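Letter by letter, the chains look like this.
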Amino acid sequence: MDRRVLVTNIVSVAGLAKLFKLPVVLSTVNVKSGKNAPTIHQLQAILPDAEPLDRTTINAWEDEQFVRAVKATGRKKLIMTALWTEACLTFPTLDALRDGYEVYPVVDAVGGTSLEAHRAALERVAQAGAKPISWVQMACELQRDWVRGETAARFAEILFAVEGH
């Protein structure tokens, strides 16, 4: 996936999470060790209060601090985005499903190392019971009705900034 499209889409997901007051668990991998870069500035700007959990595991679900943070939200429906579909999205999705969560991978807010890798990973999680969605589908499902005035204006800003109007 084009990096700019990926960043735009994932920032849109984060903006929607903030708008609809959804809890966010943000994690990074090996930032403290110096091996990887921190959270991109576009996400930091939209989620200034989200303290990233730095982990060493490729599978976030194998990190105790990450799983504790997810459980602390009290939610059983998880919307997941990631950097790499075939690892950062697939592994925690499969484990969360096994632990009784409903998982909604945002298919256009994650990129694989190749188009084939991305598609194969999405097929794998869907076959396991995940419910793939696009970020626009997520946005519309959260808003549901234009009459919801408390979120309609910002919802439209996020949606039409990317999709045009």
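Predicted model only: the values in this text are computed from it and were never measured.

Novice: Mind showing me how you'd approach the pattern of salt bridges here?
Specialist: Where charged atoms from two side chains of opposite charge approach closely, those side chains can pair. By the definition in use, this model includes six salt bridges. The partner of Arg68 in a salt bridge is Glu64, and the shortest N-O contact between them spans 4.0 Å. Within this pair, Arg68 and its partner Glu64 are both found in helix α3 (residues 64–72), separated by four residues, close to a single helical turn. You can call Arg68 exposed: its relative accessible area is 53%. Arg154 is paired through a salt bridge with Glu157; the nearest N and O atoms lie 2.9 Å apart. Of this pair, Arg154 and Glu157 are both found in helix α7 (residues 149–163), three residues apart, which corresponds to roughly one turn of the helix. On the basis of relative accessible area, Glu157 is assigned to the partly exposed category, the value being 47%.

Novice: Which parts of the structure should I look at to understand the pairing of strand β3 (residues 77–80)?
Specialist: The side chains of a regular strand alternate between both faces of the sheet. Of the two faces of β3, only one is covered, namely that formed by Leu78 and Met80; the face formed by Lys77 and Ile79 stays uncovered. Judged from the four bridges that link them, β3 and strand β4 (residues 102–105) form a sheet pairing that is parallel. Among the inter-strand pairings, Ile79 is bridged to a residue of β4, identified as Tyr104. Regarding the hand of the β-α-β motif, the stretch spanning β3, helix α4 (residues 85–98) and β4 is right-handed.

The rules behind each value
Residues numbered from 1 in each chain as written. Predicted model: local features only at pLDDT ≥ 70, side-chain atom pairs only at ≥ 80, totals over all residues. Heavy atoms only, no water. Salt bridge = Lys/Arg side-chain N within 4 Å of Asp/Glu carboxyl O. Helix = DSSP H or I, 4+ residues; strand = E, 2+ residues; numbered from the N terminus. Buried < 20%, exposed > 50% of the residue type's maximum accessible area, 1.4 Å probe, protein only. Pairing = 2+ DSSP bridges. Right-handed = clockwise from strand over helix to strand, strands pointing away.

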